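Now for the letters of each chain:
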Amino acid sequence: GAGVSQSPSNKVTEKGKDVELRCDPISGHTALYWYRQSLGQGLEFLIYFQGNSAPDKSGLPSDRFSAERTGGSVSTLTIQRTQQEDSAVYLCASSLGQSNTGELFFGEGSRLTVL
Amino acid sequence: DQQVKQNSPSLSVQEGRISILNCDYTNSMFDYFLWYKKYPAEGPTFLISISSIKDKNEDGRFTVFLNKSAKHLSLHIVPSQPGDSAVYFCAAFIRSGKSTFGDGTTLTVKP
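Reference entry: report on the structure contained in this document. (Residues numbered from 1 in each chain as written. Chains lettered and ligands numbered in written order. Predicted model: local features only at pLDDT ≥ 70, side-chain atom pairs only at ≥ 80, totals over all residues. Heavy atoms only, no water.)

1. Some thoughts on the packing of aromatic side chains
1) Next: This model, assessed by the stated rule, comprises 13 aromatic pairs over all chains.
2) Next: Taking the centre distance of 6.5 Å and the plane angle of 80 degrees together, the rings of phenylalanine 89 of chain B and phenylalanine 101 of chain B count as edge-to-face. Residue phenylalanine 89 of chain B is located in strand β9 (residues 86-93), and its partner phenylalanine 101 of chain B is located in strand β10 (residues 99-101); the two are separated by 12 residues in the primary sequence. Accessibility assignment for this pair places phenylalanine 89 of chain B and phenylalanine 101 of chain B in one class, buried.
3) Next: Aromatic ring contacts, followed pair by pair, group Tyr33, Tyr35, Phe45, Tyr48 and Phe106 of chain A together with Tyr36, Phe46, Phe89 and Phe101 of chain B into a single cluster. (Phe/Tyr/Trp six-rings, centres within 6.5 Å; stacked < 30°, edge-to-face > 60°. Helix = DSSP H or I, 4+ residues; strand = E, 2+ residues; numbered from the N terminus. Buried < 20%, exposed > 50% of the residue type's maximum accessible area, 1.4 Å probe, protein only.)

And the structure:
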């Protein structure tokens, strides 16, 4: 498809387990973002990739969270030793990067539930 | 330091009337301001944007106004329709950096 694709759409896991969430951005988009939205909250910035630059990890809430972007395309967000407070919808977005108006294209999100 | 703020978590208006959603920012270096709309169980979708060198941009029923001196922008929806009921996020973008979002305002348009 032409849009941002995220998988899985839903993930239920037990506390303490590791999870991986995947994002496939729009082809040609150099910028990729991860946000999360907890119940009743706004969009919380997690991490930002722009081309080959070092990622902006300033939003990652703890060292249990990490993300990588392989080959400038697909990104994986990994949460180790999940906690109940990690339950949220994790949203990925991509954009054309620095030479544009900033419009982000979002995926439909991965809903994570930690029991 | 929250650089983009939406101080009203919710807004309720009658169908056919005007909806005005507000957003304040602190960083004068933002290049663009954008509004996104989000329905439940979906990702946000782009609605309308405005360059920092403009003061108004209009697209159909949606108009965004930018007041740089006050570091304030607003989204006007006229006339409001029940299908406009959603969460609206204000965002600001610096070309050399990333997008920053507000916490969102839930708009409910009553038939």
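2. What about the side chain of serine 51 of chain B?
All names here are of chain B.
1) Next: By secondary structure assignment, the location of serine 51 is in strand β5 (residues 45-51).
2) Next: Accessibility expressed as a relative area gives 14% for serine 51, which makes it buried.
3) Next: Other than its neighbours up to four places away in sequence, serine 51 contacts Asp31, Tyr32 and Leu66. (Contact = heavy atoms within 4.5 Å.)

3. Let's talk about the sheet that holds strand β7 (residues 75-79) of chain A
Residues and elements named next belong to chain A.
1) Next: Taken together, 4 strands build an open sheet; the order of strands is β1-β3-β7-β6 and the sheet is antiparallel. Edge positions in the open sheet fall to β1 (5-7) and β6 (65-69), since each of these has one partner strand only. On average, each strand axis in the sheet is tilted by 15 degrees relative to the strand beside it, whichever way the strands run.
2) Next: Sheet topology places β6 next to β7; 5 bridges connect them, and they run antiparallel. (Pairing = 2+ DSSP bridges. Axes fitted to C-alpha atoms, helices over the stretch in contact; angles between N-to-C directions.)

4. A short note on unusual backbone geometry
1) Next: For the peptide bond that leads from serine 7 of chain A to proline 8 of chain A, omega is -10 degrees, which places it in the cis range.
2) Next: Put simply, valine 78 of chain B and proline 79 of chain B share a cis peptide bond, and its omega is -10 degrees.
3) Next: Along the polypeptide, proline 79 of chain B turns up in the loop between β8 (72-77) and β9.
4) Next: The phi dihedral of alanine 41 of chain B is positive, around 65 degrees, even though this residue is not glycine.
5) Next: Classification of alanine 41 of chain B by relative accessible area gives exposed; the value is 60%.

5. Remarks on the pairing of strand β8 (residues 88-95) of chain A
Residues and elements named next belong to chain A.
1) Next: Of all 8 residues in β8, 8 are buried, a share of seventy percent or more.
2) Next: Bridge count between strand β4 (residues 31-37) and β8: 7 bridges; the pairing is antiparallel. From the neighbouring strand, glutamine 37 faces β8, where its bridge partner is valine 89.
3) Next: Two elements, β8 and strand β10 (residues 110-114), share 3 bridges in a ladder whose sense is antiparallel. Looking at the pairing, tyrosine 90 lines up with serine 110 of β10.
4) Next: The pairing of β8 with strand β9 (residues 105-106) spans 2 bridges and is classified as antiparallel. Each residue of the ladder has a partner; that of alanine 93, found in β9, is phenylalanine 106.

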